[in-house]
Every structure is written in structure tokens, then in C-alpha cells.
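This is what each chain is made of:
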Amino acid sequence: MTLHSFRVKAAASVLALCLSGASALAQPVEVQWWHAMNGVNGERVDDLVKMFNESTDKYKVVAVNKGNYDEVINGTIAAYRAKRPPHIVQIYERGFMTMLLSDAVVPVQELMDKSEVKIDWSDFIKPVAGFYSYKGKLAAMPFNSSSPILYYNKDQFQKAGFDKPAETWGEFEKQLYAIKKAGAAECGTALATDYHWSMIENYSAINDLPYATKSNGYDGLDTEFVYNKTLVVPQVARMKKWLDDGVLQIAGQGFSPEQLFTSGKCATYFASTAAHSGIERNAKIGWSATFMPWEEGKQPKNSTIGGAALWVIKGHKADEQQAIVAFFDFLAKPETQLWWHKATGYVPLTNKAYELAKAEGYYKQSPTREIAVLQLNRGTPTANSLGFHFGNFTQSMFAQREEVEAVFTGSKNAQQAMDDATKRGNEILRQYERLNKGKY
Amino acid sequence: MAAPLHEPGLKQSHFKGVRLPALLLLPQLLILLFFFFIPAVRALMGAFLLSDPFGATVHFVWFDNFIALFHSESYRNSVRVTIVFTLAQNVITILIAGVLAFATDRVVRGQSVYKGVVLLPYAIAPAIAGVLWAFLFNPAVGPVAFFIKSLGFAWDPNLNGSDAMLLVVFAASWKHICYNYIFLLAGLLAIPGSLLEAAAVDGAGPIKRFFQISVPLLGPTIFFLTTMNFVYGFFETFAIIDAVTHGGPAGATNILVYKVYQDGFINLDLGSSAAQSVLLMTFALILTLVQFKHVERRVNYTI
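Bear in mind the structure is a predicted one, so any value in this text is a computation, not a measurement.

Student: Mind showing me how you'd approach the overall build of chain B here?
Tutor: The helix and strand tally for chain B stands at 14 helices and two strands. Taking the principal axes of the C-alpha coordinates as reference, chain B spans close to 75 × 70 × 30 Å. Relative to its full complement of 303 residues, chain B shows a buried share of 34%. A separation threshold of at least 6 residues defines the contact pool for chain B, and within that pool the share at least 24 residues apart is 67%.

Student: Mind showing me how you'd approach the interface of chain B and chain A here?
Tutor: Put simply, an interface is often sized by how much accessible area is lost when its parts join up. Taken together, the contacts link 34 residues of chain B with 29 residues of chain A. When residues of the side of chain B that touches chain A are traced back to their parent elements, those giving at least two are α6 (126-136) and α13 (256-266) of chain B. Of the residues contributing to the side of chain B that touches chain A, the split by class is 18 nonpolar, 14 polar and two charged.

Student: Would you mind showing me how to read the confidence of the model for chain B here?
Tutor: When pLDDT is low, close inspection of the predicted coordinates is not appropriate. Residue and element names in this part refer to chain B. When the pLDDT values of chain B are averaged, the result is 86; 92% of them are 70 or greater. Low confidence marks residues 1-10, where pLDDT is under 50. Its contacts with residues over four positions away, or in another chain, come to four contacts. Prediction confidence for the complex, expressed as pTM and ipTM, is 0.86 and 0.82 respectively.

Student: Mind showing me how you'd approach the UniProt feature "transmembrane region" (unreviewed entry) in chain B here?
Tutor: UniProt records the feature "transmembrane region" (unreviewed entry) for residues 20-38, 45-63, 83-104, 116-136, 181-201, 213-235 and 274-292 of chain B in the present numbering. Regarding residues 274-292 of chain B, the helix share stands at 100% and the strand share at 0%, and the terminal C-alpha atoms are separated by 27 Å.

Student: Would you take a moment to explain the domain arrangement of chain A for this structure?
Tutor: By the assigned domains, chain A splits into domain 1 (26-146 + 306-365) and domain 2 (148-303 + 391-436). The centre of domain 1 of chain A, based on its C-alpha atoms, is set 28 Å off from the matching centre of domain 2 of chain A.

Student: Help me out: how do you make sense of the confidence of the model for chain A in this one?
Tutor: Residues at a pLDDT of 70 or more form 94% of chain A, whose mean pLDDT is 91. Confidence over residues 14-24 of chain A falls short of pLDDT 50; this stretch has two contacts with residues more than four positions distant or in other chains.

Student: Just checking my understanding: could you explain the UniProt feature "domain: ABC transmembrane type-1" (unreviewed entry) in chain B for this structure?
Tutor: UniProt's entry tags residues 79-291 of chain B with the feature "domain: ABC transmembrane type-1" (unreviewed entry), counted in the numbering of this structure. End C-alpha atoms of residues 79-291 of chain B are separated by 19 Å, and the span's content is 77% helix alongside 0% strand.

Student: Even after reading the chapter, I still don't get unusual backbone geometry, so can you show me in this structure?
Tutor: Comment: phi is negative for the bulk of residues other than glycine, and the bulk of peptide bonds are trans. Residue and element names in this part refer to chain A. For K135, which is not a glycine, the phi torsion comes out positive at approximately 55°. For K135, the position within the fold is in the loop between β5 (133-134) and β6 (137-138). For K135, a count of 8 C-beta atoms within 10 Å translates into the label exposed. Here D208, not a glycine, exhibits a phi torsion of approximately 60°, which is positive.

Student: How should I be thinking about the nonpolar core in this particular structure?
Tutor: Within soluble globular proteins, side chains that are nonpolar generally end up buried alongside one another. Judged by nonpolar contacts, the single largest core of 166 residues is most densely connected at A140(A), W311(A) and V168(B). Inspection of this core shows a minimum of three residues originating in each of domain 1 (26-146 + 306-365) and domain 2 (148-303 + 391-436) of chain A. Among all residues touching V168(B), those that are not within four sequence positions of it are F85(B), I240(B), I241(B), V244(B), T245(B) and T253(B).

Scoring rules and cut-offs
- Residues numbered from 1 in each chain as written.
- Chains lettered and ligands numbered in written order.
- Predicted model: local features only at pLDDT ≥ 70, side-chain atom pairs only at ≥ 80, totals over all residues.
- Helix = DSSP H or I, 4+ residues; strand = E, 2+ residues; numbered from the N terminus.
- Buried ≥ 20, exposed ≤ 12 C-beta atoms within 10 Å, placed from the backbone.
- Contact = placed C-beta atoms within 7 Å.
- Nonpolar A, V, L, I, M, F, W, Y, C, P; charged D, E, K, R; others polar.
- pLDDT = per-residue confidence, 0-100.
- UniProt positions renumbered as here; feature names shortened; annotations may be inferred.
- Domains from an automatic or database assignment.
- Core = buried A, V, L, I, M, F, W, Y, C linked by C-beta atoms within 7 Å.

Here it is in C-alpha cells:
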């Protein structure tokens, strides 16, 4: 800070003190929030915190961007071990089990229910609450939740004689080949960086395929991956076929797959609903979006979420806990939810917020923003579609991606690769079980 | 060990007693203590533990982490990849740096300009260098990739492991050629002109002089550089791998140091990561010892 700006700020704060009188002398209780939102979404987080801080003079939330999700969880671990943790941390959905069994957190629902604040937990959108719940109670406060949807280039579909993408994978595949053949687009679809999430995990959920035993890990640490025995194998084989035929394109390092879509090179793109803001800003094409396809003859289920939730680190003072409760209460409010939904493209977390958006006519003006909500709310979640509770889920996910890449490079076929992926994944699950036996 | 008396050198004649040398060494030792020895000891301890990242549950598991590694196909793959990567990188770096140093040595005019140009890549941060290479060679948009394809070669580091390996080897070498170059050039300049002139009088051409006189005299420098290149390949190429390939495709460029990072930092498998770093350290240690033992003997240290 320069001396000049320091003087200005000092003068301003003295003035503020005089004007607001004695009450301002009581310092607001401050809580630290470490988050992983950068760029535009980082600015939205700052706006959100500013709104909260202006709504109360008792509490103050200080939001600090600690890098990406990996950096936030590592920073949290380091701070916790050094006994100087922040109050609230934003942890990605894959870190659920790590956080839950860390002995370092206070379950959110427990914390909130002890306070005077009453939150209608049943109003949370089911796959959102279900993902972050342990034994029916929310362990973390859902925050930025998304789900994959299918973005498509309207002009290119029309050029090849289609109104919109087909509902089933089989028909959709034919469309992609037709689009390429007609020369409407150079490639059918661009492979997203997080393709494991849309093309394998959500594929399993939507088609009601078991990903692992024990209700995808919800019923015990002795869960085992079984997706090598489901339609996931032909799905991986299909991706390889598309790749060989030039229907699927990988952007690779140094280039973003989203650009392959927004530049009009690829006709479709499976990505998070949170990609809306980027696509809206960059696309020079006529685009729209629709639901993820499903397999012929299946009754499609809900998709699952991605994103992150807010965890409360334990060991903080009572008044600081109150500040956290107040902040979460503010976050859960339909108005806040609606604002966040509109500002970022993430889904609203409660049905009330969703109703509010509908009543406002928001989806008339931006219909594609509703797709993820509808898709998440489709039907009643089954054991296969509620979510994934796997220890060290990041690790098994990377093992799986490595095996899928082995299919792409041609060194394994889809069945071999998925067998190896589940085998490696199961070793990871067993190690986790050994470490945490009796804790879940 | 005290140096033998009949070999007077710097060691004995300048420092009497212990206090002053100890004092002078202290800052460096402190740095080593905090940034090397303490982390190394912690890694060694962690290698025998199975631990929750938050430290809630810790099991002592003896050698389980190591045994798991030896059984892991992806770890064995990483070892193979590292050997190929460091060897290729070493050979390419020294060869190109050698040619450049030789050429600069022959240049009469504008030598400093050439030196400046060759040294430039050293000033670029590895991560930035990595991004540059990734972009230039990206099969969808990279200009160099277009050029390669226009020559009729298939090029896709996203799908072809060998292409990816080639790419990171060249990126890592490019970044390190300058370091090798400075040392080789300094070595060349230090070679007594009388030796070269005598050879020239005897009728040896510049290339013959280079191989018969300069290269043997550069032995110590090349030996030193080989060790440094291995250390560089083992530990410092992390950022390049991270920016260019993320260790892919299918682990084709997943060198050991990147795997340590991935398993420790991303996957939070701290025990395995610690065991890997202990093995990596041992690997580097053995290599250095072997080099000293076998290579040093053939090196001519007296000029």
C-alpha cells in the first residue's frame, strides 16, 4: 500500500467510525473462506461475499482464492496439520470421502441444526444433497454444483438435415457421422478435459448402470468397481471408433476443447453446464444445448453432479461457528441461489430457487440454463445415480483415464483397459478400506 | 580426512583450525538442513506409513508401500519412461551444445551475439517453455505440427506415446542446452592455444583437432555435465512434463518425478509418494556413485 492510499483509507475508516457511532466499535466476527474459484467465477465469489458482509455488521467473511481445487485441498491439509486452518474450505466433489473421514470437519447439517437457523434440507435438489450426504445428513454445504449437458452447433445440425441432437446414443452417433459426411463440420464432437465425468460416470448414472458394488460406495468401504462389466465398455470402444474415424477430436495440451466447439470446428461438446459463461462469451456460432443422450430402450435417470462443496473445519470458536451458520443460511436463501445460478451457470441448489427462476421467466430467455436442473431432477435417484462415495476417488479416476488413453493410443482394447482400470481402482479402494476400517 | 601433506593445495594452506571454515559453511549447511535433510528424513519416515492426508489415521506398514510399487505396472512403466527420457535428453543436450560451442569457438565476428542467442532459452521459466512447446506442436493448431504434417509425417502427441516422448525430450533438451553450452564453451576457451596450433602445424583440420584434442580435454566438463543432466532430467523437468503432456498419453511420458507429484499432490497417496521419492533419491545416488567410480578414472583432470 502506498503512503497516500494508506492515508486515504485511514481517514475514511476514522470517518466511518465517527458516523456510525459506538456500535461500529464492536468488531465483526471474521471467518476465513478458502476457495478455488478463479477468473470470472472468482469475481462472482467476491461479489457474493460482499453481499453477505453488507447484509450484516456482526459477521465478516474473508474469501481467499488458494488456487485450483488440488491446491485448496493441499493448502487445507497443510494448514490443518500446522494447526492454523481456515474456517470454511471449498473442496471438489471427488474429495468427499477424504474430507468426511478426516476427523477435521464438522458435519454441516449437525452444525446448522444446533443453531437457531432452520434450513429445509429436503428442499435441496436430490442428487446434489445425495452426493454430499452421509447417512442421510449433509456433511458439507453444497456450493457450486453442475452437471454435464450436450452443447451443439445448430447451424451444422441443420445443414446435415437435423433439428437437434437425437435422444439416444445410437441415433446421435449416426447424426455425428452424417454431419461429418455432409461436410457440415470437420469433427462431430470435441473431447472435454473431464470426459471421464460426462462420458463414463454420468453415462453410468443416466443409464442406471452400477459403477461399483454397495450402491456405488454408499453402503460400505468394501465397495468394488464393476463398470468393466457394464455398457461402459462398449461406450469406451465407441469413443475409440469415433476417434479413429475423425468424429471425435482431442484438443490436447496447449489448446482448449471448448475452442474446438466455439470455433465451429466440432459440432458438439459434452461439458458442464458451468461452461455456459465461456461459450456465451466466445462462441461465434449459433449454438444450443440439450440433455445427455441415453441408450436405446433405457428409461433415463438423473445425471450426477460435479463441482464442489463447502466444508467447515472443526476447532473454531463458538462465535465464529455462528458466523459460519449465518453465512450458510445466506447461501441457502433462494434469492442468493438464484443470483449465483444466473451469474455463474451453476445449478440452483434448492427447488425453491429453481421455482423462483422459473416464475421470473428466466428460462424463457435462457432455456439452456434449465437443462442441467431438469436433468438432475429427472425421476427418483437410484443406487446407481445418486452419486459416488469412493475413497481416494481422484486416484482411481486418474487410473481409469490412463486406461482409457491406452485404448485411444491403441495399446489395449476397451475390455482389457476397463478390466485393468477396475483392478487398479479396486486396489486403491482396498488401501482406503484398510486405512479407514470402521470409520464409515 | 586430512589431505596428504605431499600434495599442497588450497585445502590446507588457506584455513588453519576449524572455527572459520565451519562458520563459513554454516549458511549453506542451514539451507541444506531445512530444504534438504529435514524433508528427506520426513520422506523416509513417510515411506513406511499408510496415512490419511489429514493425519487422522496413520498405520506403520513396513515395506508395503515399496512392495506395492514393485508390483505396480504403472510404476515400472514410469521407471522405463524415465530411463529413456533422461538418456535421450542427455545425449541430445550434450551433442547439440557441443556443436554450438564448437561453432561459437570458431566464429570470429559477433561471438557475443551468438552467445546471447544460444543462452536465451535459459531465461525462460520451464512452465512457460512447456506451454510454448505444447502449443507449437499441438496437432490441431500448432504451426510446427502443421509443418511436420506437411512433410508427410504423422504427428499426434495426444495419441502417440512416442511422439509425446519426442516432444518432451526436445523441450527438456532445448531448455538445458544453454547450460551445457556455457560450460562447454568455457572449456573450449580454456584449452591452451599452443596445443591446437601444434596440431594445426602437424596438419590436423579443425574437426580432427576438435575430436583429438578438445574433446579429451573437455572430459571433466562432459562428465560433470552428464551428471548434471541426469539430475536435471530426474528432478527439474517436472514443469515441462506438467505443461506439455501431463505424463500422458497413457503414461507414456509419466517420468518418476511427475508421478511423485501426481500421487502425492493430486491423488493424496502420501505413503506411496514418499516411497517413490525415496527410491528416486536412491536411484540418483547410485547413478552418481557409479559415474564417479567408473567414469572419473578415465577423466583427465590435469591440463
